[in-house]
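Per-entry structural report
Chain residues, written in single-letter form:
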Amino acid sequence: MAKVLICYYSRTGNTEKMAEKISEVMRKDGLEVDLKKVENTTINDLLLYDGILIGSPTYYGSMAWPLKKLLDESVKFHGKLKGKVGGAFSSSANVGGGNETTILDILTALLIHGMVVQGDYKGDHYGPVSIGSPDQRALKSCTTYAQTISSLVKKLFP
């Protein structure tokens, strides 16, 4: 069975709620999912999964430092994550809070690792975003995203 890691940082609980929703949907889709706070995740963990999703609040238009640290340290495995499915999601305090730049920063690191990233032609193109606590729109986006990523993981890792 394909395995997915959902690694996140959440100080206020908003990003955590998104991670939980994505995890719930992916499990219903038949994937084995480990939901881990970044402080409970090691770089060695990244090698164990077929898919890796990273969630972060937006801090100054970028990801939270603990996630940046994990991704910086993952250079140790440069090339070893090639072909795995990657994705990102984010929360911020304001509409112009930097959600897209945060997601793009995470996706850039995953693409440099050679991971496979899938966008969405409608809705949240780069990954789900929430303004403050996830509302119905954000949770629906998390659901759609989880289903899309689940489908991709199952295609690549049957």
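Here the structure is shown first, and the text comes after it.
Quick caveat: nothing in here was measured; it's all calculated off a predicted structure. (Residues numbered from 1 in each chain as written. Predicted model: local features only at pLDDT ≥ 70, side-chain atom pairs only at ≥ 80, totals over all residues. Heavy atoms only, no water.)

1. Focus on the overall build of the protein chain
Applicable threshold: Secondary structure follows DSSP: runs of H or I at least 4 residues long count as helices, runs of E at least 2 residues long count as strands, and numbering of each begins at the N terminus. Atoms counted for the radius of gyration: C-alpha only. Globule rule: 2.2 Å times residue count to the power 0.38. Note on areas: Shrake-Rupley, 1.4 Å probe, and residue coverage restricted to the protein chains presented here. Only four residue types enter the charge count, namely Lys and Arg as positive and Asp and Glu as negative; His and the chain termini do not. For this purpose, a charge sits on NZ of Lys, CZ of Arg, CG of Asp or CD of Glu.
Looking only at helices and strands, one finds 4 helices and 6 strands in the protein chain. What you see in the protein chain, going N to C, is helices and strands ordered as β-α-β-β-α-β-α-β-β-α. A globule of 158 residues ought to have a C-alpha radius of gyration of about 15 Å, and the protein chain, at 14 Å, matches this closely. Principal-axis analysis of the C-alpha atoms gives the protein chain an extent of 35 × 30 × 30 Å. Put simply, the protein chain shows about 7800 Å² of open surface, and 54% of that area lies on carbon and sulfur atoms. Of the side chains in the protein chain, 19 bear a positive and 16 a negative charge, and the two mean positions are spaced by 3 Å.

2. Things to note about the side chain of Ser92
Heads up, the condition is: N or O atoms within 3.5 Å of each other form a polar contact, as long as, within protein, one can give a hydrogen and the other can take it, and as long as residues adjacent in sequence are counted only when both atoms are side-chain atoms. Contacts are residue-level and defined by heavy atoms, with any inter-residue pair within 4.5 Å sufficient.
Counting through the fold element by element, Ser92 comes out in strand S4 (residues 85-92). One polar contact links Ser92 to Asn99, side chain to side chain, over a distance of 3.1 Å. Other than its neighbours up to four places away in sequence, Ser92 contacts Thr58, Gly97, Asn99, Ser130, Ile131 and Gly132.

3. Describing the pattern of salt bridges
Rule in force here: Salt bridges are defined by distance alone: a side-chain nitrogen of Lys or Arg within 4 Å of a carboxyl oxygen of Asp or Glu. Working definition: with a 1.4 Å probe on protein chains only, accessible area under 20% of the residue-type maximum means buried, over 50% means exposed, and in between means partly exposed.
Within the structure shown, the criterion is met by 6 salt bridges. Salt-bridge contacts for Lys21 lead to Glu24; the nearest nitrogen and oxygen are separated by 3.6 Å. Here Glu24 and Lys21 lie together in helix H1 (residues 14-28), a separation of 3 residues that amounts to about one turn. By relative accessible area, Glu24 is classed as partly exposed at 34%. Here Asp72 and Lys68 are joined by a salt bridge, their closest N and O atoms 2.7 Å apart. Of this pair, Asp72 and Lys68 both sit in helix H2 (residues 65-73), separated by 4 residues, roughly a single helical turn. The class for Asp72 is partly exposed, based on a relative accessible area of 42%. For Lys68, a relative accessible area of 38% corresponds to the partly exposed category. Residues joined by salt bridges that share partners form a network here, namely Lys21, Glu24 and Lys28.

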